[in-house]
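Per-entry structural report
Here is how the chains run, residue by residue.
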Amino acid sequence: MGIRTGAQYIEGVKSRNPEVWLAGRRVSNVYEEPVFQAPIHQIAKLYDLQHDPKVQEKITHVCAESEERVSNAFLVPKSYQDLEARRGTFEEFAKATYGLMGRTPDFLNVVVTSMASNSEFLDKYNPEWGRNIRNYYKYIRDNDLFLTHAIINPQNDRSKASHEQQDMYTHLGAVKETPEGLVVRGAKMLATLAPITDEVIVYSFPGFKPGDERYALAFALPIDTPGLRIICREAMQDGKRSVYDHPLASRFEEMDAVLVFNDVLVPWDRVFLYNNVEAANLLYPKAGIAQQPAHQSGVRGLIKLQFATEVACKIADSIGVDVYLNVQNDLGELVQSVETIRALLRVAEYEHEVTASGEVMPAYAPLETIRGLLPTMYPRAIEVMQIIGAGGLLMSPTDADFENPELRGDLDRYYVGKEGVPSEDRVHLFKLAWDLCGEAFGQRLLQYERYYTGDPIRKRAIFYNNFKRKDSFELVEDALKIYDTKNELINN
Ligand SMILES: Cc1cc2nc3c(=O)[nH]c(=O)nc-3n(C[C@H](O)[C@H](O)[C@H](O)COP(=O)(O)OP(=O)(O)OC[C@H]3O[C@@H](n4cnc5c(N)ncnc54)[C@H](O)[C@@H]3O)c2cc1C
Ligand SMILES: O=C(O)Cc1ccc(O)c(O)c1
């Protein structure tokens, strides 16, 4: 089949009835659920983009193996040009959502592509695992599927390993083997967009300890698999809020969910790893998922930071405060943050690494630096927006107020911005800013930037330890050598 249209994606959503729970009730029809309507249509828009003649060549290619047109997210990069082509897809998808939706289909499509192309290390443990992930890659590529993922254990007692939790199946684990497959029980988080996806993939970041064997697993399933329960967090919009009052929150909310597996059968051909602590700990570093998906995260994060920066600049300009040095300093800092991430992305692409099989990956150090910096740069952009918007963020009336002729005169007079900025435009802009920096919707976007890639503190510590292990510290070594006054080496 190759690239799907938005209508085909929606047909898929309508054809399924996953067990979704929202605010205490079972959602009877995911497509008709007001909370999911806008995000479904945002995702559909991305599928339609793949058919838009203006960008089709930029974001898709004809796959040599299937001879069908597929997303560039399914490309196994072999050159810098392939990285550029893949970046094209990430960029167009992120621009269409202002970088606010992190788990658009391209993200997990890259994860699975990378797992499949680097799956050989699994053969040593079980040749079926590598074969299964390679077949799964072809399946999602050829059917252009949209996946969610759940890789974190629920937050119960983080000071204890999975096998030390109060209940053996609080964390998702294997219960038994059957001729048809593996039966799994327990919970995983935090499956973003789960209710409106086609499939779920489960794997883990490293950290398994001996004794954790039953929890060391990776697999994928259709999202409506019997026994799989999706428990949504509280929605941040009800699907009925005005687009004028909430220009972003009304459209771009990504639902997050805990997945509960009630003795779910995973067919053997969908098991990628099982009962093996060593293999599970190697999955993240060996299967390229530390690097290939971070390319998507970096491009998307750049566009989100750029968007927040533009919003901060526009609100400052609309009320004439960007004539002040302190405001220019804050806004200049945000523009420099954008430039920093942009430069790091280019370095990651230019200084790409080539694996033994010839696969090209963006370079680790600049990608990891992006991952280290965005969790503070994005919250800082939000803080600057709050500081510049100040009380204005809290004086916005609603579109209903603008529609009331009794009030309209006052609104036009007292909510006006600097010359040339009518009140309705100024209020609209401040509402856009409030969605980002005040609403629960915006707080989630901030929390996402802090944690989408794992705990930023531990990630930076790993980065430092890798640096220390590999760097030869030759500048310091050289400076410690003893030279005489003519700069001749006396003592090595
Ligand atoms: C908006 C959002 C969307 C997400 N979407 C997804 C998704 O689609 N799929 C998915 O699988 N995951 C998703 N995640 C989850 C994300 O991967 C985790 O939030 C992230 O890995 C951090 O784990 P945690 O939240 O369990 O925090 P924890 O690991 O519980 O950390 C909590 C705090 O304790 C500290 N801490 C915990 N353990 C240690 C330790 N061993 N040493 C030192 N300090 C420690 C941390 O520094 C942190 O401050 C999402 C998260 C957010 C916020
Ligand atoms: O670290 C990144 O930037 C991207 C990334 C890769 C794999 C994951 O499972 C994940 O949640 C996030």
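Residues numbered from 1 in each chain as written. Chains lettered and ligands numbered in written order. Predicted model: local features only at pLDDT ≥ 70, side-chain atom pairs only at ≥ 80, totals over all residues. Heavy atoms only, no water.

1. Concerning the site of ligand 1
The immediate surroundings of ligand 1 are formed by 18 residues, with I151, Q155, R158, L190 and D455 found nearest. L190 is positioned with one of its backbone polar atoms (N or O) 2.9 Å from a nitrogen atom of ligand 1. Considering ligand 1 on its own, with 960 Å² of exposed area, one finds that the protein chains cover 75% of that surface. With four residues, the top contributor of residues to the shell around ligand 1 is helix α15 (residues 440–451). Of the residues belonging to the shell around ligand 1, the class tally is seven nonpolar, five polar and six charged. Mapping the shell around ligand 1 onto the domain boundaries places at least three of its residues in each of domain 1 (6–286) and domain 2 (291–474). (Near = heavy atom within 4 Å. Polar contact = N/O pair within 3.5 Å; in protein donor to acceptor, adjacent residues only side chain to side chain. Areas by Shrake-Rupley, 256 points an atom, 1.4 Å probe, with all protein chains shown as cover. Helix = DSSP H or I, 4+ residues; strand = E, 2+ residues; numbered from the N terminus. Nonpolar A, V, L, I, M, F, W, Y, C, P; charged D, E, K, R; others polar. Domains from an automatic or database assignment.)

2. As for the packing of aromatic side chains
On inspection of all chains with the given rule, the structure shows 16 aromatic pairs. Ring plane angle 45° and centroid distance 5.5 Å describe the contact between Y136 and F272, whose orientation is recorded as tilted. Of this pair, Y136 sits in helix α7 (residues 127–143) while F272 sits in strand β12 (residues 271–274), placing them 136 residues apart in sequence. Of the two residues, Y136 and F272, neither departs from the other in class, the shared state being buried. A network of ring pairs unites the aromatic residues Y9, Y47 and F146 as a single cluster. (Phe/Tyr/Trp six-rings, centres within 6.5 Å; stacked < 30°, edge-to-face > 60°. Buried < 20%, exposed > 50% of the residue type's maximum accessible area, 1.4 Å probe, protein only.)

3. Describing the layout of surface pockets
Volume-wise, the second largest pocket comes out at about 270 Å³. What lines the second largest pocket is a set of 13 residues, and nearest its centre among them are N118, K286, T355, A356 and M361. Sorting the residues of the lining of the second largest pocket by element identifies α6 (120–123) and α8 (277–286) as the ones contributing at least two each. Looking at the lining of the second largest pocket, its residues break down into four nonpolar, seven polar and two charged. Three or more residues apiece are contributed to the lining of the second largest pocket by two domains, here domain 1 (6–286) and domain 2 (291–474). (1 Å grid on protein atoms, 1.4 Å probe; cavity = no way out; pocket = protein on both sides within 12 Å on 5 of 7 lines; lining within 4 Å. Points joined across faces, edges and corners; volume = space filled by probe spheres on them.)

4. Examining the environment of V416
Mapping V416 onto the fold places it in the loop between α13 (405–414) and α14 (423–437). Taking the C-alpha atoms as reference, V416 lies 9.2 Å from S318; in sequence the two are 98 residues apart. Once residues within four sequence positions are removed from consideration, V416 is found in contact with L411, V421, P422, S423 and R426. (Contact = heavy atoms within 4.5 Å.)

5. Re the packing of helix α11 (residues 364–389) against α14
Packing of α11 against α14 leaves a shortest axis separation of 10 Å and a crossing angle of 140°. Relative to α14, α11 is oriented oblique. The element α11 and its partner α14 pack so that their crossing is left-handed. Contacts between α11 and α14 involve Y378, I382, M385, Q386 and G389 from the former and F430, A433, L436 and C437 from the latter. Class assignment of the residues belonging to the contact of α11 with α14 gives a composition of seven nonpolar, two polar and no charged. (Axes fitted to C-alpha atoms, helices over the stretch in contact; angles between N-to-C directions. Parallel < 35°, antiparallel > 145°, perpendicular 65-115°, else oblique. Left-handed = near helix turned anticlockwise from the far one by under 90°.)

6. Let's talk about the sheet that holds strand β6 (residues 173–177)
Sheet architecture is open: six strands sit in the order β2-β1-β10-β11-β7-β6, paired in mixed fashion. Because the sheet does not close on itself, it has two edges, and the strands there are β2 (25–26) and β6. Looking at chain direction, strand β1 (residues 19–22) and β2 are connected through two bridges and run antiparallel. Looking across to β2, one finds that W21 is bridged to R26. (Pairing = 2+ DSSP bridges.)

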